[in-house]
Amino acid sequence: MIKLIVLDVDGTLSDGNVIYSDEGTEIKAFNVKDGLGIAAWIKLGREVAIITGRESKIVENRAKELKITYIKQGIQNKAQALKEILTQANIHLNEVAIIGDDLNDLSMLKLVKHSYAPKDAAKLVKQNVHRVLKQKGGKGAVRAMIDELIKQENLEAKLYGLFT
C-alpha cells in the first residue's frame, strides 16, 4: 500500500518556468487538476510531501492550501530529506511513490519501487524510474501518477464517494 507520495516542484508540480517581475517577485503556475488529485489523495487518508531544491514562498503557500503535511525546501540531498520524513511519519520506503524530473531527484527516485517522471523529464531520470508518464511537468503529470496509484490501490469507489 502506498501511504505517501513525494513531489518535486519545478518541472513536476510546475512546468519548470520561474518568472520574475520587475520588482523581483517570483511567479509559478500550478495545475488545478494536479491540485485536486493531491487533495483527493489526502482525503483518502494518505500523506503528501514536497521535497524541492529551491525555496519559495509560493510553494509554501500552495502546500498550505492543499494541506500537504511535509514540505522541505532548499534541499541538496533529497534522499536524506526523504529518510527524515519517513522516520517522522513512520512510513517505509516500500510505501512511497515519488515523482521527479531532473538529476537532483535521482537520489530519492532510486530508493523506491514506485518512481515516476513527467514526459519532459531529463533523459537519465526517465531511464531510472518505474514509469514515465504521458503528461509533462506542470501539465497534469502529478494527477496522472495519483490516478494510477488510486487505481492500483483499488480506491476508485472510495474516491468517487468523496465527490458525490
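Above this text you will find the structure in question.
Structural notes, computed from the coordinates. (Residues numbered from 1 in each chain as written. Predicted model: local features only at pLDDT ≥ 70, side-chain atom pairs only at ≥ 80, totals over all residues. Heavy atoms only, no water.)

### Looking at the pattern of salt bridges
(1) Moving on: Under the counting rule described, the total for this entry stands at 13 salt bridges.
(2) Moving on: Here Glu 26 ties to Lys 28 by a salt bridge, and the two come within 3.4 Å at their closest N and O atoms.
(3) Moving on: A residue is classified by how much of its surface remains accessible, and Lys 28, at 11% relative accessible area, is buried.
(4) Moving on: Of the charged contacts in the structure, one is a salt bridge between Glu 65 and Arg 62, with a shortest N-O distance of 2.8 Å. Of this pair, Glu 65 and Arg 62 both sit in helix H2 (residues 57-66), three residues apart, which is roughly one turn of the helix. (Salt bridge = Lys/Arg side-chain N within 4 Å of Asp/Glu carboxyl O. Buried < 20%, exposed > 50% of the residue type's maximum accessible area, 1.4 Å probe, protein only. Helix = DSSP H or I, 4+ residues; strand = E, 2+ residues; numbered from the N terminus.)

### A closer look at the sheet that holds strand S1 (residues 4-7)
(1) Moving on: Read across the sheet, six strands follow the order S5-S4-S1-S6-S7-S8 without closing on themselves; strand pairing throughout is parallel. If you trace the sheet from one side to the other, it starts and ends with strand S5 (70-72) and strand S8 (131-132), each paired once.
(2) Moving on: Each of S1, strand S4 (47-51), S5 and strand S6 (96-99) touches helix H3 (residues 78-89); the most contacted strand, S5, lies at about 155° to it. (Pairing = 2+ DSSP bridges. Contact = heavy atoms within 4.5 Å. Axes fitted to C-alpha atoms, helices over the stretch in contact; angles between N-to-C directions.)

### Quick look at helix H6 (residues 141-152)
(1) Moving on: Between the first and last C-alpha of H6 there are 17 Å, a value that for 12 residues agrees with the 16 Å anticipated at 1.5 Å per step.
(2) Moving on: Looking at H6, one finds that the buried residues are Ala 141, Val 142, Ala 144, Met 145, Ile 146, Glu 148, Leu 149 and Ile 150.
(3) Moving on: Next to the buried residues of H6 lie S1, helix H1 (32-43), S6, strand S7 (114-117), S8 and helix H7 (156-162).
(4) Moving on: Positive backbone phi, approximately 55°, marks Asn 154, located one or two places after H6. (Expected span 1.5 Å × (residues − 1).)

### Quick look at the pairing of S7
(1) Moving on: Residues His 114 and Tyr 116 line one face of S7 and the alternating positions Ser 115 and Ala 117 line the opposite face, and both faces are buried.
(2) Moving on: As defined by bridge partners, S6 adjoins S7 across three bridges and the pair is classed as parallel. Considered in S7, the bridge of Ile 99 is made with Tyr 116.
(3) Moving on: Sheet topology places S7 next to S8; two bridges connect them, and they run parallel. Bridge pairing links Tyr 116 to Arg 131 in S8.

### Focus on the side chain of Ser 14
(1) Moving on: Structurally, Ser 14 can be placed in the loop between S1 and strand S2 (19-20).
(2) Moving on: The class of Ser 14 is buried, set by a relative accessible area of 0%.
(3) Moving on: Residues contacting Ser 14, with those up to four places away along its chain left out, are Val 9, Ala 29, Phe 30, Gly 137 and Gly 138.

Remember, this is a structural readout, not a statement about activity or role.
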